[in-house]
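Structural description and commentary
Spelled out from the first residue to the last, the chains are:
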Amino acid sequence: MAGVVAAASSTVAERPASTSRIGSSKLEQRRVLSHKGIYLTISVVVLLALTVGAIFYSFLMLQLDSKGCRKIFMLPSYARIQSFDGSYTQFAEKYSLYLYREQKLDLTLEPNGVPVLFIPGNAGSYKQVRSIAAEAAHQYYDTVARKASFGDLGSRNLDFFTADFNEDFTAFHGHTLLDQAEYLNDAIEFILSLYASESSSYRAGSDAPLPRSVILVGHSMGGIVARTMLTLPNYRPDSVNTIITLSTPHAVPPATFDWDIVKIYEKINRYWRESFSDKLVGRNPLASVSLISIAGGKLDVVVPSDYSSISSLMPSTNGFTVFTSTIPEVWTSMDHLAIVWCDQCRKAIAKALLTVVDIREPTQTKYLTTRLQIFRNIFLTGLESSAEKSAPFSLVHDTLLKVPDSQTVFADRNRRVILRGLGKSTQPWAYLIPIPKDGNGETFFSILTDQKLELEGKDQRLDIFLCEQNLNSMETNQRKYTNVMDLSQKNAPSLSFPCTNSASDKVLLPASTKSTTFPYEGDSFAYLQYKLEELSRFDYIAIVDSYTSPEPGFVLAEIIDKKGSNFEIRPTISDIFQGGTYLKIPEKASGFVEVKLKDVSSSLMSYRLSLSSKECGHPPIFAPLIRQFINDPYESKYFPNVRNVEISFHGLAPFVPYTYMPGREDDRDLRLQIWLDPTCDAPQELRVSVDLFGSLGNLVVRYRTAVAALPVAVVAMILFIQFNIYDAEGVFITFGSALEIFIGRALPILITASVLLSFALYYLTPASTLSFIEPADQLTTSYRSENAAYRYIRHNNFFLGVVDSKMAYLGPMFFTMATGMCTAVYYISLSLLLTMAKLLDWIQEFDFSHSRARSRLSLVSRATRVIRENMNSPLVRSLTSSMKELFVVTYASVATFNSSILSGSRRLLTTSILLISVLAYVPYQFAYVVGFVVHISTCVKSLRRHSQQIVQGGQYSQNFINFAISVLMIMIWLLPINIPLLVVWIHNLSVHWNTPFSSHHNLLSIVPIIFLVERLTAGKMLPRNTGRAQMVSKILLVYWIIYACLNGILNAYWLHHIFNCFALWLLIMYVNDNGTSGVHFRRYFVGKMDKRP
């Protein structure tokens, strides 16, 4: 067998006499290249190990978001709805429908609220509904139901329904996704009928209209199921108008191994995008549908959060994408499962659902514009450019403020007001800050405090009002105000101001003190920001301190000019060697600074940020607080008490279509908002640097499919080299030899081409116009819609999907890694094949009729007897008996296999049964795996046969061995594409064995591969190509290479079909070599191992 190892791994195989015409110069060149190729191959493998180690170290250890979810408690119960049977849906035996009830709160099993349907995701459980449903029940019964005013506004509890899909794998199988969507449309029809029943408690004592729509909450692929429901024929129009999705990959399928999944994504995304087309104005079937996509952030390693973007699918008037780290009082990233149960997140979702409910409407929800504004108020920070302010536009003042007629209550114009400690006056006091009337659009008012600002609060001690100066009369009718704050002194002149409380416009920020570590662990700050043009009707901003004794706290109010507080820096990769890009914030700067990081928009890059300054001479009011943010999608992260932080975000991402407004392409750049203590008169130094090592971890979740696609391209290139040499010289060199030639000659060219391709795709990919109109300022209010304009969209579907020329280095890196993986897999596979061949040789030599075999058996018997004598325990007896039985069964199986594989008739029968099974029941992926196993046995048998020929002096099967191993390498790299569908089938088999697999029974998708595998069992080498046949082989391989490189990641399923076509061509060459008569066709199946090359 040592001779086999040498022959199989040699650079140039032993040549038959027909190759003597090869020039000695060409052989010499190959020897030199082989000598260099060994070192290059070792270098590539070492580079692969170092790169993969660095990537996974970065992924597991660097640029990690903290986990801040709080634990939850609930008392769940699930009532299966038995009446939803086969008379309503054809999937009644496969799926089930449940109604959730929180114990001790929901006292009836009959639906009596607003219907909400929870849709679990890939391999998800229907019980995942419990966290959000329990929180909604507690919020309603503990808060909303106790306030009578809420009942007048159409509030009602929520009935959470949930579907049991037996943890189906919807991410891998398109037909399963369609089955679920169709089932849920039937379920909605049934759910709405429950409320129409005369016995329904929903109708008792209420004149509210019957529900005609259901709110959908989908987790992961459940969100795609929700969107698919609206595209199916059995969808009831207007039965869904509100959808909230959690960690749902809207833009790109997370796995592209199934043709149906890819096409379903294309269909539903096209349907949603075209539904909002200006051509369908007045006829849009989704006009009233709102979609909120909530993403978990970097902690979600199951689905890249970039895929949750919906900006390319619908205008911002109907939905948006937000990250959990953005949501006020959540402020933390979440993994794929935690987003369903995280306490902070479920509170926000439950609050949003209860707030948009209005049982006075047949849809059970408020109108679209009101819904969107509610969702924005709850899920967004309030600092977005699209955030609407309510207090400046209030038509009625709610408070009358009376203050002493004294200059002590008026602050100087344009002066910063800082209150360090409250209640120093030992009586309520007001500070009136004049609002400049000469301000421009670049000036705004900023107020930061650690006090809670509420419209109604028992412990309210600080209020901030927007006040007008009453010039008509010094006395005002107090009965027109809901609140009168009299801070005047008895028998002293006073001034009265009609005011509006600004608490409705407050923005919650994480508290930042010297003891704060994470944004979610402490209290919160309240922040107000108004443009001066928004305050044009007001004259003063009044800060009312109602404390009557000294209390800790602060208020910072100032007028800020953007020109002096906005900065711009441009971090570059070259800064790595210079320590980063520096920005010096002057010591007289305002307490609020905004920094734009120019050209920082790629989600593949991570950064490091540090903020340093000299120590203050006095205790600071608060520690520095930084908010990093982008506005598409809405992602914010907060860093309290900042010194050194790691920055990663989800901006421009591979394969995710991105949109932009003409002339505003830089809106996607990352920005920083910094709150600083202005009492520290010391310059601040901000340093931002590229974290190249930390950026490597960003590649893992975004390029998982590339691990299967790009090695296929490399294997196809190696096959091209092998066929080229074989057709020219008659020698089919080993896979390892071709790999060395590829590394030495083709890989440098491929690396250069990948860089040029990245630049070409970046600069030459055209942008198209989205079919829907987008408000320029992304506001939902109609009075600003005159600025509406079209958005442009760019698709980055080719190659690695990069949208940044700085990412051109990814091509060389991935191709080098793919080459290294092919090298490692080849030598590992070859070692295993040789080991298996040697083991089978040893088993074959073991014959009970020979004395040597009998002596071996006698040795085993004596050893067994010694063990029994010394350790006569039941366990040892059982193990010994089992081992002996296992040995006998193994020997018998191998012997049977060796005899059956040589039997052509039996192979023909087995192949026929396998193909009939594919046509009737099993998916063709099952047949592929069977063919893969059979081909492994063919390779092992060929190595054994070759070993025997070497012993006998034969040299004729080397070409076939090399060819068979090359085919095996292809099949190995196509396994990851076929296995997921097989897993889905096995899952269906284990749960509902009698439910037929509804797809992947196309015989044409597997017959050529199976026939090729069967043909290779005969051991005959493929004939050499000449003329047009040689050209056809090269065209097929070139197409395979190009497709795997350009489209293989997003359409991995097609790589299997290309190999299937290539296998068909190889079969045609075999048939042409054998002839096409019936005799030759039978010989095709039953022919024995041919000793000729």
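Located above this text is the structure these notes cover.
A few points on the structure. Treat the numbers as computed from the prediction; the structure is a model and nothing was measured.

Moving on to the overall build of the chain. Within the chain, the secondary structure is distributed over 25 helices and 31 strands. Every one of the 1093 residues in the chain was classed for burial, and the buried ones make up 57%. Considering only contacts within the chain whose residues lie at least 6 apart along the sequence, 83% involve residues at least 24 apart. Total accessible area computed for the chain in this model is approximately 46400 Å², and 58% of it derives from carbon and sulfur atoms.

With that settled, consider the pattern of salt bridges. Counted under the stated rule, the structure contains 24 salt bridges. For Lys347, the salt bridge is made with Asp343, and the minimal N-O distance between the two is 2.8 Å. Residue Lys347 and its partner Asp343 are located together in helix 9 (residues 343-356), separated by four residues, close to a single helical turn. Salt-bridge contacts for Glu454 lead to Lys506; the nearest nitrogen and oxygen are separated by 3.9 Å. With a gap of 52 residues between them, Glu454 in the loop between strand 12 (443-449) and strand 13 (462-467) and Lys506 in the loop between strand 15 (494-501) and strand 16 (507-510) connect regions that are remote in the sequence. Residue Glu454 is classed as partly exposed on the basis of its relative accessible area, which comes to 33%. The partly exposed category is assigned to Lys506, whose relative accessible area is 25%. By sharing partners, the salt bridges in this structure join Arg70, Glu135, Asp343, Arg346 and Lys347 into a single network.

Right, let's talk about the packing of aromatic side chains for a bit. Within a pair of aromatic rings, the relevant descriptors are the distance that separates the centres and the angle that separates the planes. Scanning the model with the defined rule gives 45 aromatic pairs in all. Feature note: the residues Phe84, Tyr88, Phe91, Tyr95, Phe165, Tyr183 and Phe190 constitute an aromatic cluster, connected by ring pairs. In this arrangement the basic side chain of Arg794 is found over the ring face of Tyr762, its NZ or CZ atom lying 5.9 Å from the centre. Between Arg1015 and the ring centre of Tyr1070, over which it is positioned, the NZ or CZ distance is 4.8 Å.

With that settled, the discussion passes to the sheet that holds strand 10 (residues 417-422). In any sheet, the strands associate via hydrogen bonds between backbone groups, in a parallel or an antiparallel arrangement. Within the open sheet, the five strands sit side by side as 10-19-12-17-16. Their pairing is antiparallel. If you trace the sheet from one side to the other, it starts and ends with strand 10 and strand 16, each paired once. Pairs of neighbouring strands in the sheet enclose a mean axial angle of 20°, with direction left out of account. Pairing geometry for strand 12 and strand 19 (residues 551-561), over seven bridges, is antiparallel. Paired with Thr449 across the bridge in strand 19 is Val555.

Before going further, it helps to examine the state of the cysteines. Throughout this description, disulfide means a covalent bond between two cysteine sulfur atoms. For the structure shown, the criterion picks out two disulfides. Linked covalently through their sulfurs, Cys69 and Cys342 form a disulfide whose S-S length is 2.3 Å. A torsion of -105° about the S-S bond marks the disulfide between Cys69 and Cys342 as left-handed. Residue Cys69 is located in the loop between helix 2 (24-61) and strand 1 (76-80), and its partner Cys342 is located in the loop between helix 8 (338-341) and helix 9; the two are separated by 273 residues in the primary sequence. Between Cys467 and Cys499 runs a disulfide, and the two sulfur atoms are separated by 2.0 Å. On the sign convention where negative is left-handed, the bridge of Cys467 and Cys499, at about 110° about the S-S bond, is right-handed. Of this pair, Cys467 sits in strand 13 while Cys499 sits in strand 15, and the two are 32 residues apart along the sequence. Like Cys499, Cys467 is buried. The thiol sulfur of Cys345 is not disulfide-bonded, and the nearest other cysteine sulfur, from Cys342, lies at 6.1 Å. Taking relative accessible area as the criterion, Cys345 reaches 1% and is therefore assigned buried.

This part takes up the packing of helix 6 (residues 221-229) against helix 7 (residues 259-275). Viewed as axis vectors pointing N to C, helix 6 and helix 7 meet at an angle of 55°, and their least axial separation amounts to 10 Å. The orientation of helix 6 with respect to helix 7, classified from their angle, is oblique. Both helix 6 and helix 7 take part in a crossing whose hand is left-handed. Of helix 7, the residues touching helix 6 (which contributes Met221, Ile224, Arg227 and Thr228) are Ile264, Tyr265, Ile268, Asn269 and Trp272. Residue composition of the contact of helix 6 with helix 7, by class: six nonpolar, two polar and one charged.

Moving on: the environment of Tyr1070. Its place among the elements puts Tyr1070 in helix 24 (residues 1053-1074). Classification of Tyr1070 as buried rests on a relative accessible area of 0%. With 49 residues separating them in the primary sequence, Tyr1070 and Met1021 have C-alpha atoms 8.8 Å apart. The contacts of Tyr1070, once residues within four sequence positions are left out, are Phe963, Leu1012, Arg1015, Leu1016, Lys1020, Met1021, Leu1022 and Pro1023. A polar contact is formed between the side chain of Tyr1070 and the backbone nitrogen of Leu1022, at a distance of 3.4 Å.

If a residue is not glycine, its phi is most likely negative; likewise, a peptide bond is most likely trans. A cis amide bond links Asp632 with the next residue in sequence, Pro633, at an omega value of 0°. You can see Pro633 is positioned in the loop between strand 24 (625-631) and strand 25 (634-640). Unusually for a residue other than glycine, Trp331 sits at a positive phi of about 55°. Here Trp331 shows up in the loop between strand 8 (319-323) and helix 8. Accessibility expressed as a relative area gives 6% for Trp331, which makes it buried.

What follows is about the pairing of strand 18 (residues 540-545). Regular strands place side chains that alternate from one sheet face to the opposite one. Most of strand 18 is tucked away, with six of its six residues classed as buried. Every second residue of strand 18 is oriented toward a common face, with Tyr540, Ala542 and Val544 on one face and Ile541, Ile543 and Asp545 on the other, all of them buried. Pairing of strand 11 (residues 429-434) with strand 18, which is carried by six bridges, proceeds in the antiparallel orientation. Pairing of Ala430 across the sheet is with Val544, part of strand 18. Both strand 13 and strand 18 contribute to a ladder of six bridges, which runs antiparallel. Along strand 18, the bridge assignment pairs Phe465 with Ala542.

Checked against the element boundaries, Glu558 lands in strand 19. For Glu558, a relative accessible area of 5% translates into the label buried. In terms of polar contacts, Glu558 uses its side chain to reach the backbone amide nitrogen of Gly591, at 2.7 Å. Apart from residues no more than four positions distant in its own chain, Glu558 is found in contact with Arg416, Phe444, Phe445, Ser446, Ser590, Gly591 and Phe592.

Bringing the sheet that holds strand 29 (residues 684-690) into the picture now. Strand order in the open sheet formed by four strands is 21-29-23-26, and the pairing between neighbours is antiparallel. Two strands lie at the open edges of the sheet, namely strand 21 (581-585) and strand 26 (644-647), each paired on one side alone. The mean inter-strand angle of the sheet, taken between neighbouring strand axes irrespective of direction, is 20°. Here strand 23 (residues 607-613) runs beside strand 29; their pairing, made up of seven bridges, is antiparallel. Paired with Tyr607 across the two strands is Val690, which belongs to strand 29.

Our next topic: the packing of helix 15 (residues 735-764) against helix 16 (residues 810-845). Where helix 15 meets helix 16, the axes come as close as 9 Å, and the angle between the chain directions of the two elements is 170°. By the criterion of interaxial angle, the relationship of helix 15 to helix 16 is roughly antiparallel. Of the residues in helix 16, those touching helix 15 at Phe735, Gly736, Leu739, Glu740, Phe742, Ile743, Leu747, Leu750, Ile751, Ser754 and Val755 are Gly811, Pro812, Phe815, Thr816, Thr819, Cys822, Thr823, Tyr826 and Tyr827. Taken together, the residues that form the contact of helix 15 with helix 16 break down as 13 nonpolar, six polar and one charged.

Attention now moves to helix 10 (residues 368-379). An α-helix turns once per 3.6 residues; consequently, residues spaced three or four apart project the same way. For helix 10, built from twelve residues, the straight-helix expectation of 16 Å at 1.5 Å per residue is met to within 8% by its first-to-last C-alpha distance of 16 Å. Where burial is concerned, most of helix 10 is hidden: nine out of the twelve residues are buried. Within the span of helix 10, buried status applies to Leu368, Arg371, Leu372, Gln373, Ile374, Phe375, Arg376, Ile378 and Phe379.

Quick notes on the rules
- Residues numbered from 1 in each chain as written.
- Predicted model: local features only at pLDDT ≥ 70, side-chain atom pairs only at ≥ 80, totals over all residues.
- Heavy atoms only, no water.
- Helix = DSSP H or I, 4+ residues; strand = E, 2+ residues; numbered from the N terminus.
- Buried < 20%, exposed > 50% of the residue type's maximum accessible area, 1.4 Å probe, protein only.
- Contact = heavy atoms within 4.5 Å.
- Areas by Shrake-Rupley, 256 points an atom, 1.4 Å probe, with all protein chains shown as cover.
- Salt bridge = Lys/Arg side-chain N within 4 Å of Asp/Glu carboxyl O.
- Phe/Tyr/Trp six-rings, centres within 6.5 Å; stacked < 30°, edge-to-face > 60°.
- Lys NZ or Arg CZ within 6 Å of the ring centre and 35° of its normal.
- Pairing = 2+ DSSP bridges.
- Axes fitted to C-alpha atoms, helices over the stretch in contact; angles between N-to-C directions.
- Disulfide = S-S within 2.5 Å.
- Parallel < 35°, antiparallel > 145°, perpendicular 65-115°, else oblique.
- Left-handed = near helix turned anticlockwise from the far one by under 90°.
- Nonpolar A, V, L, I, M, F, W, Y, C, P; charged D, E, K, R; others polar.
- Polar contact = N/O pair within 3.5 Å; in protein donor to acceptor, adjacent residues only side chain to side chain.
- Expected span 1.5 Å × (residues − 1).

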